[in-house]
Amino acid sequence: MIYGATKLVLGSTLKAAFRPWVEGLENVPATGPAILAGNHLSFSDSFFLPAVLDRKVVFIAKDEYFTSPGVRGRLTAAFFKGIGQLPVDRSGARGAGEAAVRAGVKVLEEGGLFGIYPEGTRSPDGRLYRGKPGGLARIALATGAPVIPVAMIGTDKIQPPGRVVPKLMRPGIRIGRPLDFRRYEGMDQDRFIQRSLTDEVMYELMKLSGQEYVDVYATAAKRRIAEEARRAAEAGGAAEARETGPSAPAAG
């Protein structure tokens, strides 16, 4: 009920204001379990995709969104519950992965749509990064649910990291054909199968999105970018200090 009301208000507003274009809606089944595996360009990805679908889509979200104290915390928790997101404790890397897998399996066993971003985090520069096999592959292999690649297009221009107020422009959503991985039934613990499945999905996302593919994890790319920014700042500070340092004493 809460999801329906939130979707009606928020979804209608997003569609009216941003007018997202969609291709491949027919690839999302009207009933039954399915995994929507998308590229991740912006925080708004999890809002635009549900807005254009008739069915409820469940994503996982940080546990902090649901446990913050005070009135603001309660309102935040109500909002994220209203848009169909489930809390996952990410205090430990392994624990977070296990919790995400359990959450995804539960949604699919109940016949729902489960949304997941194989890159694990938002792209730092608009390129498509290597998918992490632990979540998507394990959920797909454990349930036999079809994996539907979903390419978000232009959402990084609407709301790049750090921007609070989104820019009014049309995003795109391109939905690919379902991928059937039931041929790997019983192999959900095989890391080579997990890697193969994930790479196949990422290849489809690359074709759908038109993004440049980078064969490293986005988390590693973010660390590298942050380190380069830190070094550049330190170099700039050192240069400024040299320019504004004490002048040489005048000759007597």
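Since we're looking at a predicted model, the values are computed, not measured.

Parameters and conventions
Residues numbered from 1 in each chain as written. Predicted model: local features only at pLDDT ≥ 70, side-chain atom pairs only at ≥ 80, totals over all residues. Heavy atoms only, no water. Core = buried A, V, L, I, M, F, W, Y, C linked by side-chain atoms within 4.5 Å. Buried < 20%, exposed > 50% of the residue type's maximum accessible area, 1.4 Å probe, protein only. Helix = DSSP H or I, 4+ residues; strand = E, 2+ residues; numbered from the N terminus. Contact = heavy atoms within 4.5 Å. Pairing = 2+ DSSP bridges. Polar contact = N/O pair within 3.5 Å; in protein donor to acceptor, adjacent residues only side chain to side chain. Salt bridge = Lys/Arg side-chain N within 4 Å of Asp/Glu carboxyl O. Phe/Tyr/Trp six-rings, centres within 6.5 Å; stacked < 30°, edge-to-face > 60°. Lys NZ or Arg CZ within 6 Å of the ring centre and 35° of its normal. Axes fitted to C-alpha atoms, helices over the stretch in contact; angles between N-to-C directions. Parallel < 35°, antiparallel > 145°, perpendicular 65-115°, else oblique. Nonpolar A, V, L, I, M, F, W, Y, C, P; charged D, E, K, R; others polar.

### So, the nonpolar core
Right, on to step 1. With 25 residues, the main nonpolar core has Ile35, Leu136, Val147, Leu197 and Val201 as its most contacted residues.
Right, on to step 2. If you list the elements that add at least two residues to this core, you get strand 2 (34–38), helix 5 (93–109), strand 5 (113–116), helix 6 (133–143) and helix 8 (191–209).
Right, on to step 3. Excluding anything up to four places from it in sequence, Val201 contacts Ala37, Leu136, Val147, Leu179 and Phe181.
Right, on to step 4. Core analysis: the next-biggest nonpolar cluster, separate from the first, contains 21 residues, Val28, Phe59, Ile148 and Ile173 among them.

### Regarding the pairing of strand 2
Regular strands place side chains that alternate from one sheet face to the opposite one.
Right, on to step 1. Within strand 2, 5 of the 5 residues are buried, leaving the element largely enclosed by the surrounding structure.
Right, on to step 2. Residues of strand 2 alternate between two faces, with Ala34, Leu36 and Gly38 on one and Ile35 and Ala37 on the opposite face, all of them buried.
Right, on to step 3. Two strands pair when backbone bridges link them, and strand 2 and strand 5 are joined in this way by 4 bridges, in the parallel orientation. When the bridges of strand 5 are listed, Ala34 appears paired with Leu113.

### Notes on the side chain of Ser42
Right, on to step 1. Here Ser42 is to be found in the loop between strand 2 and helix 2 (45–52).
Right, on to step 2. On the accessibility criterion, Ser42 (1% relative accessible area) is buried.
Right, on to step 3. At 3.0 Å, the side chain of Ser42 forms a polar contact with the backbone oxygen of Gln159.
Right, on to step 4. With residues up to four places along the chain from it excluded, the contact list for Ser42 reads Arg122, Thr155, Asp156 and Gln159.

### Digging into the pattern of salt bridges
Right, on to step 1. Going through the model one piece at a time under the given rule, you end up with 15 salt bridges.
Right, on to step 2. Note that Arg224 and Glu228 form a salt bridge whose closest N and O atoms lie 3.2 Å from each other. Taken together, the residues Arg224 and Glu228, both in helix 9 (residues 218–243) and 4 residues apart, mark about one turn of the helix.
Right, on to step 3. Residue Arg224 is classed as partly exposed on the basis of its relative accessible area of 38%.
Right, on to step 4. What makes Glu228 partly exposed here is its relative accessible area of 43%.
Right, on to step 5. The closest approach of N and O atoms between Arg230 and Glu227, which form a salt bridge, is 2.4 Å. Note that Arg230 and Glu227 are positioned in helix 9 at a spacing of 3 residues, about one turn of the helix.
Right, on to step 6. Residue classification places Glu227 among the partly exposed residues on the basis of a relative accessible area of 27%.
Right, on to step 7. Within the structure, one salt-bridge network assembled from shared partners comprises Glu227, Arg230, Arg231 and Glu234.

### Considerations on the packing of aromatic side chains
Right, on to step 1. Counted according to the given criterion, the structure contains 4 aromatic pairs.
Right, on to step 2. Both rings, one in Phe43 and one in Phe47, keep their centres 5.3 Å apart while their planes meet at 55 degrees; by these two values the pair is tilted.
Right, on to step 3. Ring centres of Phe181 and Tyr184 lie 6.4 Å apart, and the angle between their planes is 15 degrees; this geometry places the pair in the stacked category. Taken individually, Phe181 and Tyr184 each receive the classification buried, so the pair is uniform in this respect.
Right, on to step 4. The side chain of Lys132 reaches across the aromatic face of Tyr217, ending 5.9 Å from its centre.

### Things to note about the packing of helix 6 against helix 8
Right, on to step 1. Interhelical geometry of helix 6 versus helix 8 gives an angle of 100 degrees and a closest axis separation of 9 Å. The angle between helix 6 and helix 8 falls in the class roughly perpendicular. Note on element contacts: helix 8 touches helix 6 through Ile193, Gln194, Arg195, Leu197, Thr198 and Val201, opposite Pro133, Leu136, Ala137, Arg138, Ala140 and Leu141.
Right, on to step 2. Here the residues of the contact of helix 6 with helix 8 sort into 8 nonpolar, 2 polar and 2 charged.

### Considerations on the environment of Val216
Right, on to step 1. Within the fold, Val216 resides in the loop between strand 9 (213–214) and helix 9.
Right, on to step 2. Its relative accessible area of 38% is what places Val216 among the partly exposed residues.
Right, on to step 3. A sequence separation of 85 residues divides Val216 from Gly131, and the C-alpha atoms of the two residues are 8.6 Å apart.
Right, on to step 4. In this structure Val216 touches Tyr129 and Arg130, once residues within four positions along its chain are discounted.

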